[in-house]
Amino acid sequence: MERRITLEHIEPLRLTGVGERNLRALRQALKASIVVRGQEIILQGPEEEVRRAEDVLRHLIRKVEQKGYVLEEDVQDLLRSLKQEETVAASSPGPTLEIVTPKRHIVPKTPNQERYLRAILENHVVVGIGPAGTGKTYLAVAMAVKFLLEKRVEKIVLTRPAVEAGESLGFLPGDFQEKINPYLTPLYDALYSMLPADRVRRLMETRVIEVAPLAYMRGRTLQDAFLILDEAQNTRAVQMKMFLTRIGPRTKVVITGDITQIDLPRESNSGLVEIQRILHDIPGIVFVHFGPEDVVRHELVRKIVEAYERRERAKRDASTGGEPTE
């Protein structure tokens, strides 16, 4: 099959990149033949591959029309996104989940994100473990909003341990709540991205949505609620037990964290690390592990995560007498 695309309003160089870097990246990733002749792009190959290449190129052409150019990074981001979408479609047991909130529609972008959302729907307790940028917290908040809007729960409780990540906020002015709010900012950000600001304020004033440090959970029993414990790697073992025993009837719980970023003193055991050993075989509790391939932030974030993981593997190999992987 052959298809031709005419570049009517843009210079070919702005699409192909300096030294045809963008074009080389496309040729490596796509199975169709791509030839640029003047203002025309010629695609040849099997029908399915030609159509796929045409979709990619038209997307990039629109991006050039919007901002005047595309970089190789833009090409790689698009190709990776398409690959992840195809993997999700191939591995999903049913239609891709979609969460509709008043401000945006949210869909999983990787197979693990899809599995994570399905696990939340089908289980009482879900633990999401993985690096920054994999959507653990954001998707959990999205699902909590979905449950609240559908009246499947009566309230949302978002909590985090107040553990300093190398900084000290004690010098800041204000009462305890004002001092603690910086720790809770990521949870507020997620809420405000899904619900109108005035609605978030009303729900918080009526305590339908609570955002509070983990210490506020002690002594409570929560029912008909959606509980999210974020940054759980910074909970001590006794705090994790305390949180898990707050669960009342008809309560959904999601725990998220990154066990490579523990800010606890060395002598303290992380509750998130411990529950993987203690609770892994209990029905109704599911662990979902994310990796660098699930990072949906800037491409550099994925590369940074991979670099740190290589470093950690090298350290482990060195400590056990094996060959470093770095």
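Residues numbered from 1 in each chain as written. Predicted model: local features only at pLDDT ≥ 70, side-chain atom pairs only at ≥ 80, totals over all residues. Heavy atoms only, no water.

Student: Let's hear about the overall build of the protein: which residues, and what values?
Tutor: Across its full length, the protein carries 11 helices and 11 strands. A buried classification covers 45% of the 326 residues belonging to the protein. By sequence separation, contacts in the protein at least 24 residues apart represent 68% of the contacts at least 6 residues apart. With an accessible surface of roughly 17,600 Å², the protein has 50% of that area assigned to carbon and sulfur atoms. (Helix = DSSP H or I, 4+ residues; strand = E, 2+ residues; numbered from the N terminus. Buried < 20%, exposed > 50% of the residue type's maximum accessible area, 1.4 Å probe, protein only. Contact = heavy atoms within 4.5 Å. Areas by Shrake-Rupley, 256 points an atom, 1.4 Å probe, with all protein chains shown as cover.)

Student: For the sheet that holds strand 1 (residues 2-6), give the residues involved together with the corresponding values.
Tutor: Read from one edge to the other, the open sheet built from 3 strands follows the order 1-3-2, with strand pairing classed as antiparallel. Only two strands of the sheet have a single neighbouring strand rather than two, namely strand 1 and strand 2 (33-37). Ignoring which end each strand starts from, the neighbouring axes of this sheet average 20° apart. The pairing of strand 2 with strand 3 (residues 40-44) spans 5 bridges and is antiparallel. (Pairing = 2+ DSSP bridges. Axes fitted to C-alpha atoms, helices over the stretch in contact; angles between N-to-C directions.)

Student: Please give an account of the pairing of strand 9 (residues 225-229) that cites residues and values.
Tutor: The buried fraction of strand 9 is high, at 5 of 5 residues. Alternating residues of strand 9 divide into Ala225, Leu227 and Leu229 and Phe226 and Ile228, and every residue in both groups is buried. Note: strand 7 (residues 155-160) against strand 9, 5 bridges, orientation parallel. Among the inter-strand pairings, Thr159 is bridged to a residue of strand 9, identified as Leu229. In this sheet, strand 10 (residues 252-257) lies alongside strand 9 in parallel orientation, the contact comprising 4 bridges. From the neighbouring strand, Leu229 faces strand 10, where its bridge partner is Ile255. Tracing the backbone out of strand 9, into helix 9 (residues 237-244) and back to the parallel element strand 10 gives a crossover that is right-handed. (Right-handed = clockwise from strand over helix to strand, strands pointing away.)

Student: Give me the sheet that holds strand 10: which residues, what numbers.
Tutor: Here we have 6 strands laid out as an open sheet, ordered 8-7-9-10-6-11, and parallel in their pairing. With partners counted over all chains shown, the strands left at the sheet margins are strand 8 (209-213) and strand 11 (285-289), one partner each. Looking at each pair of strands side by side, their axes are set apart by 15° on average, direction ignored. The sheet strands contacting helix 6 (residues 136-149) are strand 6 (125-129), strand 7, strand 8, strand 9 and strand 10, and the helix crosses strand 9 at an angle near 170°.

These figures capture arrangement, not role.
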